[in-house]
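Single-letter residue listing:
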Amino acid sequence: MKLAYVATYPPRACGIGTFTQNLIKAVCANDGGAKLSNSTRVFAMTDGNEAGAYPSAVSFCIEDQNQGSYLAAAALLNESDVDLVVLQHEYGIFGGQDGAYVLTLLDELQKPAVATFHTVLKDPSRSQEFVLHSIASKVGKVVVMSHLAKQLLQEVYKVPKDKIAIIEHGVPECKTASRLELRSKLGFEGRRILFTFGLIGRSKGLETVINALPAIVAVRPETLYVVLGKTHPGIVRESGEEYREYLLDLAQQKGVADNLLFVNEFAEESVLWEYLRACDIYLTPYLNEAQITSGTLSYAIGAGAAVVSTPYWHAQELLKDGRGQFFDFRNDETLAEILLDLFGNDEKLENMRSLAAQYGKNLKWSLIGKQYLKLFQQMVREKKIVLAKNLKDIANLPPINFKHLQTMTDDTGILQHAKYSLPNRNEGYCLDDNARALIAVLSGRKQHPNIWLDQAAGTYLSFIYHCQNEDGQFKNFMGYDRQFLESVGSEDAFGRGICAVGYAIENPLNGGFYSLAMEIFKRALPHCSQLQSLRAIAFSILGISSYLKKNSSDENMLNLLHLLRSKLCYGFEAHSTEDWHWFEPYMTYCNAILPLALFHSLEYLPDTAVLETAMQSTRFLEKTSLSEGFCRPVGCNNFYQKGSECAVFDQQPMDVLSNVLLFPQAYKVTGKQEFFEKALLCNAWFYGKNELRLSLYDAETGGCCDGLTATGVNQNQGAESTLAYLLCSLAVEAAQAKHNRRGKAIMSPKGSKSSKEKVFALKKSEDWEPGKKIRIVANL
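In every chain, residue numbers begin from 1 and rise along the written sequence. Whole-chain, interface and lining totals are the exception, using all residues; otherwise, since this is a predicted model, local features are given only for residues with pLDDT of at least 70 and side-chain atom pairs are given and counted only at 80 or more. Remark: hydrogens and water are excluded; side-chain values derive from all non-hydrogen atoms of the structure.

Asker: Quick rundown of the overall build of the chain? Include the residues and the values.
Answerer: Each helix and strand counted, the chain has 30 helices and 23 strands in total. Whether two residues touch is decided by their heavy atoms; if any such pair falls within 4.5 Å, the residues are in contact. Contacts in the chain between residues far apart in sequence, at least 24 positions, make up 70% of those at least 6 positions apart. Areas reported as accessible are Shrake-Rupley estimates using a 1.4 Å probe. Residue values count occlusion only from the protein chains shown. By element, 48% of the accessible surface of the chain is carried by carbon and sulfur atoms, the whole surface being about 31200 Å². For the purpose of counting charges, residues Lys and Arg are taken to be positive, whereas Asp and Glu are taken to be negative. His and the chain ends are not included. A charged residue contributes its charge at one atom only: NZ of Lys, CZ of Arg, CG of Asp or CD of Glu. Across the chain, the centroid of the 80 positively charged side chains sits 7 Å from that of the 86 negatively charged ones. Helix numbering and strand numbering both begin at the N terminus, where a helix is a DSSP run of H or I of at least 4 residues and a strand a DSSP run of E of at least 2.

Put into structure tokens, the structure is as follows:
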């Protein structure tokens, strides 16, 4: 049986690395003495700060902050003869927000896999829950080390019970001299030794022991508190030895500096065993209960030490039945009382040691390795490969949920922003979001009829009407006090208004609704021909295209459509070069809306030159945002200027929406199946198929986070992002339905024109000249 381990590994100073090394040895020893070199490969997580070279067992180093390194590891594993991949998980050893980069590897892995979870949180953040749940869904089995961890996985992370195995933390089998000989060797004769070991950081709570020392030393002046271990490397990089120096200063202030000894080294296990056997009492004074696994505590029990600890989760299980004693978190007074009592009662101490040693026999790596080997063999026999869930299959996506849309909407309209998942009234309302919301609920009610959606549609259309000036222009921003903050909004806001009311004309609730939408639309139309913003033009084309679905014989509207489309084509002709097939010398936000508008216009004014422009710009957009195998919209930090690098962050949901809308329309016009697939790929961005491998959708609220930043997900769930998510979900759902009953394409990118196109063929001179009216050949 050939195994590959993905974990940290010595010489990196990390408890997970030591655990992995011991696990490998124990499994090999139980597997008929299999040679490590023949049966085992280690894919070591590296942060670039390892002290020394890796041993030959390490086949590949995964750079924790480099996603390409995870992809390379997955490719090597898939091409290898490995039977099973064994992942050791701790949030901090992987890159990305809460270690999400490990999902990059698992998404591509095509081998059976098992994961050991060293941390399981009771109250995880949204991204922590997503990462752990995702790992569990991508492997065949999950191993935890306590019963509480199994319970939490089921209740908090929704991992099926039969997928979880409990195997306790292993401990080494070290032979040492007698306790008296060890105390003499370590210079502990005549002293009462309190002992703690492990990587040092503030969560360890060592100050609680130092605060207890004065009361202890007053009665037992021979007491010495020994702390063996280096400061955690990550802490050293961020704040140096600040915590250790704080502890030394605290001991000086308390007058117990001579009763505190730091041994600053990452000790070999044989050395640890000597200290554990020689000490009087082992202490784990951690500051909170949320520690599901403590390797140091397991070692103490395995060595038969008397343990006093705070009641964190692992301690509660491991120290029950008299194997240890507890004191409350940060309670130095109770700790002092317990230690003085034990120092005066050698019989009680010996009984604790005896109970610990008896239980510790079950934790020996020889026995733990046997349990792991049995699990590994079972998984290899089953050959169960859990391929990543296909997020391009809508059956795998969550049902559409309008809950957060309701949360963000009041009787005025939809509020712009949220603080986390709650409306932020300080930011008020805007036409932009109410226009998007109107399209969302009108689209939603077609696919998911709902009384609230009908009511909300009326609210949003009423808001748009309230935003319109007498001359047909629109105001955009309104405070929560219902006072507008401007007299005229931007051209882009105007375009979104036209887009929304056009969609309302196409999909009215009733006669009155249709009449109001038509009134707003007609009043605004005179301004359309003066638009300069290409995005405003594109949004207006979408609104006009919707209008034409109900009013296809309106020749004036077709002329206006041609005028606006010509402006887009003129922009493309002016700025497109051999390596830059775009409408402007930059790409900013909602980029796909530009070719989308061209594809929509082709339903009413077919033209091969325009189709070629739509296709070239779409291909350029694909090259920009889909070349990595997932959607990567242009980042809004400096965007993408011609001749410079494309910004990766921040990525906005609205940009993904424009992609998701583009590709089904391109598919509808051209009949190219690849466009349908790309729409589904872009939609998967919301569920973690993205740069950071993090989900932006919150199934609990029905909301969507406000974007991806270089450091993680923006946790606010504002109107724009939630509407982008909903509109994507509805668009993909509708596209899937249309795909299932697919007819002929409207046009073909190359070759002969369809009969419909021949009827509406336009002269090239007319087609490309901005602003000139055209004659429609046939009665539409």
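Asker: Lay out the nonpolar core with the relevant residues and their values.
Answerer: Among buried residues, those of type Ala, Val, Leu, Ile, Met, Phe, Trp, Tyr and Cys that are joined through side-chain atoms within 4.5 Å constitute a nonpolar core. Burial classification: accessible surface area is computed with a 1.4 Å probe over protein chains only, and a residue below 20% of its type maximum counts as buried, one above 50% as exposed, and the rest as partly exposed. Core analysis: the largest hydrophobic core is formed by 174 residues, its most contacted members being Phe117, Val120, Leu153, Leu438 and Leu568. Ranked by residue count, the leading element in this core is helix α28 (residues 719-740), at 11 residues. If sequence neighbours within four positions are ignored, Leu153 has contacts with Phe117, Val120, Leu132, Val142, Val144, Lys158, Val159 and Ile164. Core analysis: the second largest hydrophobic core is formed by 33 residues, Val171, Cys174, Cys279 and Val307 among them.

Asker: Tell me about the confidence of the model for the chain, residues and numbers included.
Answerer: Confidence in the prediction for the chain averages 91 pLDDT; 93% of positions are at 70 or higher. Across residues 750-780, where pLDDT falls below 50, the model places 51 contacts with residues more than four positions away in sequence or in other chains. By definition, pLDDT measures how confident the predictor is in each residue, and it falls between 0 and 100.

Asker: Kindly report on the pairing of strand β8 (residues 192-197), identifying the contributing residues and their values.
Answerer: Counting buried positions along β8 yields 6 of 6 residues, so the element is predominantly enclosed. Judged by which residues are buried, β8 turns out to be covered on both faces: Arg192, Leu194 and Thr196 on one side and Ile193, Phe195 and Phe197 on the other are all buried. Here β8 pairs with strand β9 (residues 223-228) via 6 bridges, running parallel. By the bridge assignment for β9, Leu194 is matched with Tyr225. Being paired, for any two strands, means DSSP has found at least two bridges between them. Where β8 meets strand β11 (residues 281-284), 2 bridges bridge the pair, whose relative direction is parallel.

Asker: For the environment of Arg202, give the residues involved together with the corresponding values.
Answerer: Looking at the secondary structure, you find Arg202 in the loop between β8 and α8 (206-219). As a C-alpha pair, Arg202 and Arg126 span 76 residues in sequence and 24 Å in three-dimensional space. If we skip the residues at most four places from it in the chain, Arg202 touches Glu207, Glu242, Tyr243, Tyr246 and Leu287. Whenever a nitrogen or oxygen atom comes within 3.5 Å of another N or O atom, the pair is scored as a polar contact, on the condition that within protein one atom can donate a hydrogen and the other can accept it, and that pairs from neighbouring residues in sequence are kept only if both atoms are in side chains. Engagement of the side chain of Arg202 in a polar contact is seen with the side chain of Glu242, the distance being 2.7 Å.

Asker: So what's going on with the sheet that holds β11? Residues and values would help.
Answerer: Spatial ordering of the open sheet is given by β10-β9-β8-β11-β12-β13, a layout of 6 strands whose pairing is parallel. Because the sheet does not close on itself, it has two edges, and the strands there are β10 (260-263) and β13 (324-326). Looking at each pair of strands side by side, their axes are set apart by 25° on average, direction ignored. Strand direction decides the pairing type here: β11 and strand β12 (residues 307-309), joined by 3 bridges, are parallel. For Thr284, the partnering residue across the bridge sits in β12 and is Ser309. Axes here refer to lines fitted to C-alpha atoms; in helices the fit is confined to the stretch in contact. Angles between the N-to-C directions go from 0 to 180 degrees. Against the sheet, helix α11 (residues 269-278) contacts β8, β9, β10 and β11, and its axis sits at roughly 145° relative to β8.

Asker: So what's going on with the sheet that holds strand β6 (residues 141-144)? Residues and values would help.
Answerer: Strands sit in the order β3-β2-β1-β4-β5-β6-β7 across an open sheet of 7 strands; the sheet is parallel. The sheet is open, and its two edges are formed by β3 (58-63) and β7 (164-166), each paired on a single side. Going across the sheet, the axis of each strand differs from the next one's by a mean of 20°, ignoring polarity. With 4 bridges connecting them, strand β1 (residues 3-7) and strand β4 (residues 84-89) associate as parallel partners. By the bridge assignment for β4, Leu3 is matched with Leu84.

Asker: Which residues make up helix α23 (residues 555-575), and what values go with them?
Answerer: Each helix should span, by expectation, one fewer than its residue count multiplied by 1.5 Å. In this model, α23 (21 residues) spans 31 Å end to end at C-alpha, consistent with the 30 Å of a helix rising 1.5 Å per residue. For α23, the buried fraction is high: 15 of the 21 residues fall into the buried class. If you check the start of α23, you find a side-chain oxygen 3.2 Å away from the backbone N of Asn556, and it comes from Asp554.

Asker: I'd love a proper account of the pattern of salt bridges, names of residues and values included.
Answerer: Just to be clear on terms, a salt bridge is a Lys or Arg side-chain nitrogen sitting within 4 Å of an Asp or Glu carboxyl oxygen. Counting across every chain of the model gives 33 salt bridges. With a shortest N-O distance of 2.6 Å, Glu691 and Arg632 are connected by a salt bridge. Of this pair, Glu691 sits in the loop between α27 (673-683) and β20 (697-698) while Arg632 sits in the loop between α25 (608-625) and β19 (640-641); the two residues are 59 residues apart in sequence, bridging distant segments of the chain. When its relative accessible area of 11% is taken as the criterion, Glu691 is described as buried. Taken together, the shared-partner salt bridges in this structure form one network comprising Arg179, Arg183, Arg192, Asp280 and Asp346.

Asker: An account of the environment of Glu382 is requested, with residue identities and associated values reported.
Answerer: Note on placement: Glu382 falls in helix α16 (residues 365-382). Residue classification places Glu382 among the partly exposed positions, given a relative accessible area of 49%. A C-alpha to C-alpha distance of 34 Å links Glu382 and Cys631, two positions 249 residues apart in sequence.

Asker: Got a sec to walk through the packing of aromatic side chains? Specific residues and values, please.
Answerer: Here the distance between the centres and the angle between the planes together describe a pair of aromatic rings. Each pair of aromatic rings taken from Phe, Tyr and Trp, with Trp reduced to its six-membered ring, is defined by centres within 6.5 Å and is described as stacked if the planes are under 30 degrees apart, edge-to-face if over 60, and tilted in the remaining cases. Here the structure, examined in full by the defined rule, presents 29 aromatic pairs. Both rings, one in Phe19 and one in Trp365, keep their centres 5.2 Å apart while their planes meet at 65°; by these two values the pair is edge-to-face. One end of the pair, Phe19, is in helix α1 (residues 15-30); the other, Trp365, is in helix α16, with 346 residues separating them in the sequence. Judged by relative accessible area, Trp365 falls into the buried class, the value being 6%. Each ring, one from Tyr429 and one from Phe463, has its centre 6.0 Å from the other, and the planes form 45°; the classification is tilted. Here Tyr429, found in strand β16 (residues 429-430), pairs with Phe463, found in helix α19 (residues 451-467); they are 34 residues apart in sequence, far enough to count as distant. Assessed through its relative accessible area of 2%, Phe463 is described here as buried. Whether a charge sits over a ring depends on NZ of Lys or CZ of Arg being within 6 Å of the ring centre and within 35 degrees of the ring normal. A cation over an aromatic ring shows up here: Arg202 above the ring of Tyr246, its NZ or CZ 4.9 Å from the ring centre. Geometry around Phe484 places Lys475 over its ring, the cationic atom sitting 4.8 Å from the centre.

Asker: Describe unusual backbone geometry, naming the residues involved and giving the relevant values.
Answerer: At the junction of Pro10 and Pro11, the peptide bond is cis and its omega measures out at 20° in the coordinates. Even without a glycine there, the phi angle at Arg482 is positive, about 70°. Relative to the helices and strands, Arg482 resides in the loop between β17 (477-478) and α20 (491-506). Phi is positive for Cys590, close to 45°, though the residue is something other than glycine. Structurally, the position occupied by Cys590 is in the loop between β18 (586-587) and α24 (593-601). Taking relative accessible area as the criterion, Cys590 reaches 5% and is therefore assigned buried.

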